[in-house]
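# Architecture and fold: a report
For reference, the chains in residue letters:
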Amino acid sequence: MLNINEENIKKLFKRGSYVLVAAALGCTLLTGCETREISTNEGTSYDVIDTTNNDALEQGITQVIPVPGENFNLVIEYRCQLRDGERWTITSDKDINMEIRTDGLPEGVEVYIDNVHTDTTICSCYPQVDGITQDTMDDRTHNSLMLGFPIADDNPYIGINHIEGQNETFISGFVHGYNGYANGSISEKRFLESDYLAVGVNANKISSVIDLIVIDGDTTTCSSVKSEVKVSVWPFIKRQNKDGIEYRYYYLDESTGKMMYQTLSEDEYLLQTEVYNQRKVKEK
């Protein structure tokens, strides 16, 4: 979970003060639950694309994974496809590129990708929401002329995983995850970005199984490689109310386990988004 240090916020803010408010939807859905169970896998380490940092977006994530039973590796590169000014949010459609090639492939060995199956789920500190599937993709050749997608050290497969923001299956799964819990209940409808942030959604986990066909002379074998990566969700939102535009930053209060939001002025919002984009540089 991405958090801004509170002391740094106080120094950066021109007003010198900020307001912490319990997130409205979170309070509604988690009524009467002072002691809350935290997602079991909340602290698990994954490769993360930090979409709040421009350098991390450009670099993406590269994984080198040994192929079971073979003498070569699979190299998988992930890069988010965002337009200038576009952010990685739960509610919007988004694309992530997946480039797959071999590394150290022995001479004379042929490798084909039979199928790429990818599940995109949401990650939350609350187990009722954590792990709900947002979208699913399968990619394989759609003709009978090819054994599969051929790959080699210098011949990658490049695919685009298009992730829908709010399809019916995802909305239904989100509603099912909460209805009947504690004293809260929500109806099946399209939700706002703040609704997801308020219940601890902080990233998408993209999990892929890559099925391979390996041909070495007269021997043909099949193997599967699993790859997982997390993509952080943009934690800032803008809201239009009767008094004008309101800016919020959502974060987890680790001392209470509750999701909170912090109200920002426009200058503070612009400053904080700039701080996020320069965070890696400042840490150095």
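The structure we're discussing is the one just above.
Presented here is a report on the structure given in the accompanying data block. (Residues numbered from 1 in each chain as written. Predicted model: local features only at pLDDT ≥ 70, side-chain atom pairs only at ≥ 80, totals over all residues. Heavy atoms only, no water.)

## Notes on the nonpolar core
Membership of the largest hydrophobic core comes to 54 residues, with the highest contact counts inside it found for I49, L74, I96, I100, I113, I210 and L212. Excluding its chain neighbours within four sequence positions, the residues that come into contact with I113 are I100, G148, F149, I151, Y157, I210, D211 and L212. Of all hydrophobic cores here, the second largest spans eight residues; its members include W234, Y249, M260 and L264. (Core = buried A, V, L, I, M, F, W, Y, C linked by side-chain atoms within 4.5 Å. Buried < 20%, exposed > 50% of the residue type's maximum accessible area, 1.4 Å probe, protein only. Contact = heavy atoms within 4.5 Å.)

## A look at the pattern of salt bridges
On inspection of all chains with the given rule, the structure shows six salt bridges. A salt bridge links E228 to K205, with the shortest nitrogen-to-oxygen separation between them at 3.8 Å. On the criterion of sequence distance, the pair formed by E228 in strand β11 (residues 219-232) and K205 in strand β10 (residues 201-216) is long-range, its members being 23 residues apart. Given the relative accessible area of 23%, E228 is considered partly exposed. Residues E246 and R239 are paired through a salt bridge, measuring 3.8 Å at the closest nitrogen-oxygen approach. (Salt bridge = Lys/Arg side-chain N within 4 Å of Asp/Glu carboxyl O. Helix = DSSP H or I, 4+ residues; strand = E, 2+ residues; numbered from the N terminus.)

## Remarks on the side chain of S124
By the element assignment, S124 lies in strand β6 (residues 109-124). Judged by its relative accessible area of 0%, S124 falls in the buried class. Among the polar contacts made by the side chain of S124, one reaches the main-chain amide nitrogen of Y126 at a distance of 3.0 Å. At a separation of 3.4 Å, a polar atom in the side chain of S124 contacts the main-chain carbonyl oxygen of G200. (Polar contact = N/O pair within 3.5 Å; in protein donor to acceptor, adjacent residues only side chain to side chain.)

## Examining the packing of aromatic side chains
Tallied over the full model, the rule gives eleven aromatic pairs. For the pair F191 and Y196, a centre-to-centre distance of 6.0 Å together with 80 degrees between the ring planes defines the contact as edge-to-face. For F191, a relative accessible area of 5% corresponds to the buried category. Taking the relative accessible area as the measure of exposure, Y196 reaches 0% and is therefore buried. Through successive ring pairs, a cluster of aromatic residues spans W234, F236, Y247, Y249, Y251 and Y269. If you follow K94 out to its NZ or CZ, it ends over the ring of W88, 5.8 Å from the centre. In this structure, R248 is placed above the aromatic ring of Y261, and the distance from its NZ or CZ to the ring centre is 3.8 Å. (Phe/Tyr/Trp six-rings, centres within 6.5 Å; stacked < 30°, edge-to-face > 60°. Lys NZ or Arg CZ within 6 Å of the ring centre and 35° of its normal.)

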